[in-house]
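Here is how the chains run, residue by residue.
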Amino acid sequence: MSARQDTLHRFLFNKSDVRGELVNASGTLQQILDNHHYPEPVRRLLGELLVCTSLLTATLKFEGDITVQIQGDGPVRLAVINGNDRQQMRGIARMNGDVPAGAGFHDMIGKGFMVITITPRQGERYQGIVALEGETLEACLDDYFRQSEQLPTSLFVRVAEHDGKMQAAGMLLQALPASAEARTQEETQNMFSHLMQLTATISSDELFTLDAETILYRLYHEEDVVLYEPAPVAFHCGCSRERCADTLVTLPEEDVNHILQEDGKIDMECEYCGAHHIFDEQDIHEIRTQKNASLH
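Residues numbered from 1 in each chain as written. Predicted model: local features only at pLDDT ≥ 70, side-chain atom pairs only at ≥ 80, totals over all residues. Heavy atoms only, no water.

*Asks:* Whenever I open this one, the overall build of the chain confuses me. Can you help?
*Replies:* Assigned secondary structure in the chain consists of ten helices and 14 strands. By principal-axis analysis of the C-alpha atoms, the chain measures approximately 70 × 45 × 40 Å. Looking at the chain as a whole, 47% of its 296 residues qualify as buried. Looking at the chain alone, contacts between residues at least 24 apart form 62% of all its contacts between residues at least 6 apart. Split by element, the accessible area of the chain, about 15400 Å² in all, is 47% carbon and sulfur. The chain carries 24 positive and 46 negative side-chain charges, and their two centres are separated by 2 Å. (Helix = DSSP H or I, 4+ residues; strand = E, 2+ residues; numbered from the N terminus. Buried < 20%, exposed > 50% of the residue type's maximum accessible area, 1.4 Å probe, protein only. Contact = heavy atoms within 4.5 Å. Areas by Shrake-Rupley, 256 points an atom, 1.4 Å probe, with all protein chains shown as cover. Lys, Arg positive; Asp, Glu negative; His and termini not counted. Charge placed at Lys NZ, Arg CZ, Asp CG, Glu CD.)

This is the structure we're talking about:
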């Protein structure tokens, strides 16, 4: 059977105190890339970041938003994915130099750091900062989990051109606290290491083309694995005319008036989805009137 694109599957090893996730986000990645002309290495980087964000989000028990961004002093100064607990994703990259074909992670980013920001709908905002010391994004996220989680966690990310389009998929394994059956921490770690070795054999073609049931059977046919119902992964920008209007009222009136005199309109383009939100003089007058009314 073929892979179901844009789905996240959770699974559990009943006898091993280990949980897992499997995601294919290829269609979502394509929508992120559609409005931009990134070089191939940057498209790959955004795909890796998308997969990692989806897998990371699914490990968190919260309702709210998550942002995973990479900042550096290389030609790619920023790469970011915004998402939420409903697996709605968007992302962009910003460059200040040429990215050569075949560029690796540090060729693009240089020296920098990764910032993971979690904003729950209820509760306090959390932010974690990780130095980009690993050779790959996977390795940097493994560093993050080692620093912030008590539970051993490992990522397996595959992003590449397949059938003429960039494909993005990946898996995550996470050890759980030892069960009431009194397994020792060493036994759980040994089980986790064994499953990691099996998972590392997954190929890009398998992740891109096979359904979850087939992938799990190929990797773990000797294990007792429970596969749960999938959750959809989707591109969702969230920009709106109302949000743009809220931004406009914070700008100095003389600056807004100058643009109107020069161009006759204000065209606010969303850098995530490419949508244009256009305001003319009458629109600006109504926005200012509504703001003044709300202040009195």
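From this point on, the discussion continues.
*Asks:* Help me understand the pattern of salt bridges in this model?
*Replies:* Should the charged atoms of two oppositely charged side chains come close, the side chains can pair. Inspection of every chain in the model, using the stated rule, returns eight salt bridges. With a shortest N-O distance of 2.4 Å, E271 and R94 are connected by a salt bridge. Of this pair, E271 sits in the loop between β13 (266-269) and β14 (276-279) while R94 sits in strand β5 (residues 88-95), and the two are 177 residues apart along the sequence. Residue E271 is classed as partly exposed on the basis of its relative accessible area, which comes to 36%. Of the charged contacts in the structure, one is a salt bridge between R218 and E206, with a shortest N-O distance of 3.1 Å. With a gap of twelve residues between them, R218 in helix α7 (residues 212-220) and E206 in helix α6 (residues 204-209) connect regions that are remote in the sequence. (Salt bridge = Lys/Arg side-chain N within 4 Å of Asp/Glu carboxyl O.)

*Asks:* Please clarify how helix α2 (residues 40-58) should be interpreted in this entry.
*Replies:* Spacing of three or four residues puts side chains on the same side of an α-helix, whose turn is 3.6 residues. The first and last C-alpha atoms of α2 sit 27 Å apart over 19 residues, in line with the 27 Å expected at 1.5 Å per residue. With respect to burial, α2 is a largely interior element, 17 of its 19 residues being buried. (Expected span 1.5 Å × (residues − 1).)

*Asks:* Sorry, what's going on with unusual backbone geometry here?
*Replies:* With glycine set apart, most residues show a phi of negative sign, and most peptide bonds adopt trans. With phi around 55°, D17 is a residue other than glycine that occupies positive phi space. Of note, D17 is situated in the loop between β1 (7-13) and β2 (18-24). Although it is not a glycine, D163 sits at a positive phi angle of roughly 55°. Along the polypeptide, D163 turns up in the loop between β8 (153-162) and β9 (165-175).

*Asks:* When you look at the sheet that holds strand β7 (residues 126-131) in this model, what are you seeing that I'm missing?
*Replies:* What the six strands build is an open sheet, ordered β7-β6-β3-β4-β5-β12; its pairing is mixed. If you trace the sheet from one side to the other, it starts and ends with β7 and β12 (234-235), each paired once. When strand β6 (residues 112-120) meets β7, the two strands line up antiparallel, connected through six bridges. By the bridge assignment for β7, F113 is matched with A131. Strands β3 (64-72), β4 (76-84), β5 and β6 of the sheet are contacted by α2, whose axis makes an angle of about 35° with β4. Across the sheet, helix α4 (residues 137-148) touches β3, β6 and β7, and the angle it forms with β7 is around 125°. (Pairing = 2+ DSSP bridges. Axes fitted to C-alpha atoms, helices over the stretch in contact; angles between N-to-C directions.)

*Asks:* Is there a simple way to think about the pairing of β3 in this case?
*Replies:* Consecutive residues of a regular strand have side chains that alternate between opposite faces of the sheet. The sheet contact formed by β3 and β6 spans nine bridges and is antiparallel. Bridge pairing in β6 links T67 to T117. As defined by bridge partners, β3 adjoins β4 across seven bridges and the pair is classed as antiparallel. Of the residues in β4, the one forming a bridge with D65 is N84. Hairpin geometry of β3 and β4 is characterised by an intervening segment of three residues between the two adjacent antiparallel strands.

*Asks:* So what exactly am I meant to see when it comes to the nonpolar core here?
*Replies:* Here is a general trend for soluble globular proteins: nonpolar side chains tend to be buried in one another's company. Counting 56 residues, the largest nonpolar core has I70, M114, I116 and L141 as the members making the most contacts within it. Top element by residues in this core is α2. It accounts for ten residues. Shared between two domains, this core takes at least three residues from each, and those domains are domain 1 (7-235) and domain 2 (241-295). Residue contacts for I116: discarding those within four places in its chain leaves L56, I66, T67, V68, Y126, Q127, G128, L141 and Y144. Counting residues in each nonpolar core, the second largest holds 20 residues, with F13, F192, I202 and A212 among its members. (Core = buried A, V, L, I, M, F, W, Y, C linked by side-chain atoms within 4.5 Å. Domains from an automatic or database assignment.)

*Asks:* Help me understand the state of the cysteines in this model?
*Replies:* Each disulfide consists of one covalent bond between the sulfur atoms belonging to two cysteines. With the rule as written, the count across this model stands at zero disulfides. A disulfide-free cysteine, C273 has its sulfur positioned 3.6 Å from the sulfur of C239, the nearest such atom. (Disulfide = S-S within 2.5 Å.)

*Asks:* When you look at the domain arrangement of the chain in this model, what are you seeing that I'm missing?
*Replies:* How big an interface is tends to be reported as the loss of accessible area on association of its parts. What the domain assignment lists for the chain is domain 1 (7-235) and domain 2 (241-295). Computed from C-alpha coordinates alone, the two centres of domain 1 and domain 2 are separated by 38 Å. Taken together, the contacts link nine residues of domain 1 with four residues of domain 2. Between domain 1 and domain 2, a total of about 610 Å² is buried, with carbon and sulfur atoms accounting for 49% of that surface. Its largest share of buried area at the contact with domain 2, domain 1 owes to N35, R90 and I92, together 53% of the area lost on that side. Here domain 1 is connected to domain 2 by one salt bridge. (Buried area = accessible area lost by both parts, 1.4 Å probe.)

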